[in-house]
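Architecture and fold: a report
The chain contents come next:
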Amino acid sequence: PSPLSAAPPCCCARQPPPASAMMKTAALLLAAAAAVSATRAPIFPQEWTSVITQHVAINQGGQAGPDNSICCDYTSPECKVQTIYLAGRQYFDLANNRTAFFSSDGTGVVTLYNDAKEYSVGPDGTCQSYCPTEGPMAPFGLQANISSQKASTYNGKPCEEYVAPTVLPFDKN
């Protein structure tokens, strides 16, 4: 099973604030980071582990409600709302050219750039399948429009919570 699971179209789905077509990625970093201002992107180490959450809503004709839900009118059969939620543990190791993501059920994706392969692994770590990768591993960084939302805690440890919005334009043709 894929760690990304799309909910089927529904009448009312929770919308990630503030925009309905926005991917919201919040990375709670456990490593100690230098203090950053909200006007510049933070500088991260190139070997780290974090808990990642992503919320995506695709709104095709729905109306936003006061509680951030997106609803389709029952008289609009062409209206479609889809949401995706992903949470798991991300590993990033630039020195050894490898990344990994594991969802809460233990399944994951391991990318070994030196082997030019991305592996789907089961909860026991066995390879389920693999695909070729293209290009070298790039250093970790976030786009310039990232903002520090607030100081936070994770498992009782202080951390910074960052949000990187991405609006995906779709051609209606």
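Source: prediction; values computed, not measured.

The secondary structure content of the protein chain amounts to zero helices and 13 strands. Along its sequence from the N terminus, the protein chain presents helices and strands in the succession β-β-β-β-β-β-β-β-β-β-β-β-β. Scored against the burial criterion, the 173 residues of the protein chain give a buried share of 29%. Restricting the contact set of the protein chain to residue pairs at least 6 apart, pairs at least 24 apart contribute 53%. For the protein chain, the exposed area adds up to about 10800 Å²; of that, 56% sits on carbon and sulfur atoms.

Non-glycine residue N97 carries a positive phi angle of around 55°. We note that N155 has phi near 50°; this positive angle belongs to a residue other than glycine. Within the fold, N155 resides in the loop between β12 (147-154) and β13 (157-167).

Under the definition given, this model contains one salt bridge. Across the pair D93 and R98 runs a salt bridge, and its minimum N-O distance is 2.7 Å.

Taken as a whole and judged by the stated rule, the model has one disulfide. Sulfur-sulfur distance for the disulfide between C72 and C79 comes to 2.0 Å. On the S-S bond that ties C72 to C79, the torsion sits near -70°, and the link is left-handed. Residue class for C79 comes out buried when judged on its relative accessible area of 13%.

This brings us to the environment of I70. Mapped onto the elements, I70 comes out in strand β6 (residues 69-71). In the structure, I70 is positioned 11 residues away from N59 in sequence and 7.4 Å away in space, judged by C-alpha atoms.

This part covers the packing of aromatic side chains. Enumeration according to the criterion identifies five aromatic pairs in this entry. Ring centres of W48 and F92 lie 5.4 Å apart, and the angle between their planes is 5°; on these two criteria the pair is classed as stacked. Of the two residues, W48 sits in strand β4 (residues 47-60) while F92 sits in strand β7 (residues 80-93), which places them 44 residues apart along the sequence. Like F92, W48 is buried. Taken together, the ring pairs in this structure connect W48, F92 and F140 into an aromatic cluster.

This brings us to the side chain of T133. Among the structural elements, T133 can be located in the loop between β11 (127-132) and β12. Under the relative-accessibility criterion, T133 is labelled buried at 19%.

This part is about the environment of G106. Here G106 shows up in the loop between β8 (98-103) and β9 (108-112). A relative accessible area of 24% places G106 in the partly exposed class. Sequence-distant contacts of G106, that is, excluding residues within four places in its chain, are made with G122 and P123.

Any segment with low pLDDT has predicted coordinates that should not be analysed in fine detail. Residues at a pLDDT of 70 or more form 68% of the protein chain, whose mean pLDDT is 74. The element-level mean pLDDT for the protein chain is lowest in strand β3 (residues 22-29), coming to 29, with strand β10 (residues 117-121) highest at 96. Segment residues 1-39: pLDDT under 50, and 102 contacts once partners within four positions in sequence are set aside and those in other chains are kept.

In this sheet, β7 lies alongside β4 in antiparallel orientation, the contact comprising 14 bridges. Among the inter-strand pairings, Q60 is bridged to a residue of β7, identified as K80. Where β7 lies against β8, six bridges are found, and the strand directions are antiparallel. Pairing of G88 across the sheet is with S103, part of β8.

Definitions and cut-offs
- Residues numbered from 1 in each chain as written.
- Predicted model: local features only at pLDDT ≥ 70, side-chain atom pairs only at ≥ 80, totals over all residues.
- Heavy atoms only, no water.
- Helix = DSSP H or I, 4+ residues; strand = E, 2+ residues; numbered from the N terminus.
- Buried < 20%, exposed > 50% of the residue type's maximum accessible area, 1.4 Å probe, protein only.
- Contact = heavy atoms within 4.5 Å.
- Areas by Shrake-Rupley, 256 points an atom, 1.4 Å probe, with all protein chains shown as cover.
- Salt bridge = Lys/Arg side-chain N within 4 Å of Asp/Glu carboxyl O.
- Disulfide = S-S within 2.5 Å.
- Phe/Tyr/Trp six-rings, centres within 6.5 Å; stacked < 30°, edge-to-face > 60°.
- pLDDT = per-residue confidence, 0-100.
- Pairing = 2+ DSSP bridges.

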